[in-house]
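Architecture at a glance
Spelled out from the first residue to the last, the chains are:
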Amino acid sequence: MNLFQYGHFKSHAGLPLKWKLESDAIKDEEWDCVAKMIMDYQKRPFYKAVGIPRGGIKMANALQKYASGDPSHFTLICDDVFTTGTSFKNFIDANYPMWTSAMGYRWVLFARKKSNIHPHHVNALFTMPG
């Protein structure tokens, strides 16, 4: 399985895509490296890491070792790829309906557009150029 794939794909929001990042190709030890990289930037403690199914689960598992376990801290929600924010919005609406748009910590491995991540308060480790 290749990490980068070119072809005809649909995003979670139903948008046509010419390429995708296939996070299932990332090994567990590589997710551990991604988690360490994120922790270079995530300076505030978080209660636990929660992954948006499917792409965010392995990332959350790798980040969990850095969780404080203190329920007074925010939860960190993560996903593999950010395209429109639909996955984040749907996941938060379903699982954290009491949150405002700025609550919690949000991370993705990769964002397709830098401009899209800011309204959703999502941090991206890697971002496509503007």
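Below you will find a few notes about this structure. Keep in mind that what you see is a predicted model, and the values were worked out from it rather than measured.

Rules behind the numbers
- Residues numbered from 1 in each chain as written.
- Predicted model: local features only at pLDDT ≥ 70, side-chain atom pairs only at ≥ 80, totals over all residues.
- Heavy atoms only, no water.
- Pairing = 2+ DSSP bridges.
- Helix = DSSP H or I, 4+ residues; strand = E, 2+ residues; numbered from the N terminus.
- Axes fitted to C-alpha atoms, helices over the stretch in contact; angles between N-to-C directions.
- Buried < 20%, exposed > 50% of the residue type's maximum accessible area, 1.4 Å probe, protein only.
- Right-handed = clockwise from strand over helix to strand, strands pointing away.
- Salt bridge = Lys/Arg side-chain N within 4 Å of Asp/Glu carboxyl O.
- Contact = heavy atoms within 4.5 Å.

Comments concerning the sheet that holds strand β3 (residues 49–51)
Taken together, four strands build an open sheet; the order of strands is β3-β4-β5-β6 and the sheet is parallel. What marks the edges here is a single partner per strand, and that holds for β3 and β6 (123–127). For this sheet, the mean angle separating the axes of adjacent strands, direction not counted, is 20 degrees. Both strand β4 (residues 76–82) and strand β5 (residues 105–111) contribute to a ladder of six bridges, which runs parallel.

Considerations on the pairing of β4
Buried residues dominate β4, accounting for six of its seven residues. Alignment of β3 against β4, held across three bridges, turns out to be parallel. Counterpart to Val50 in the pairing with β4 is Ile77. For the handedness criterion, the β-α-β arrangement of β3, helix α2 (residues 57–63) and β4 is classed as left-handed.

Describing the pattern of salt bridges
A side chain with one charge can pair with a side chain of the opposite charge if their charged atoms come near. Enumeration according to the criterion identifies six salt bridges in this entry. A salt bridge links Arg54 to Glu22; the nearest nitrogen and oxygen atoms lie 3.9 Å apart. Of this pair, Arg54 sits in the loop between β3 and α2 while Glu22 is found in the loop between β2 (16–21) and α1 (28–39), placing the two residues 32 residues apart along the sequence. Where Asp93 meets Lys89, a salt bridge forms, and the shortest distance between an N and an O atom there is 2.6 Å. Remark: Lys89 and Asp93 occur in helix α3 (residues 86–95); sequence separation between them is four residues, near one turn of the helix. Its relative accessible area of 48% is what places Lys89 among the partly exposed residues.

Concerning the side chain of Thr83
Position of Thr83 relative to the elements: it lies in the loop between β4 and α3. Overall, the relative accessible area of 18% leaves Thr83 in the buried class. Excluding its chain neighbours within four sequence positions, the residues that come into contact with Thr83 are Ser11, Leu15, Leu17, Arg112 and Asn116.

Comments concerning unusual backbone geometry
Keep in mind that most residues, glycine aside, have a negative phi and that most peptide bonds are trans. Looking along the chain, the bond that leaves Pro53 and enters Arg54 is cis, with omega of 0 degrees. The backbone of His121 shows a phi angle near 60 degrees, a positive value even though the residue is not glycine. With respect to the element layout, His121 can be found in the loop between α4 (114–117) and β6. Residue classification places His121 among the partly exposed residues on the basis of a relative accessible area of 39%.

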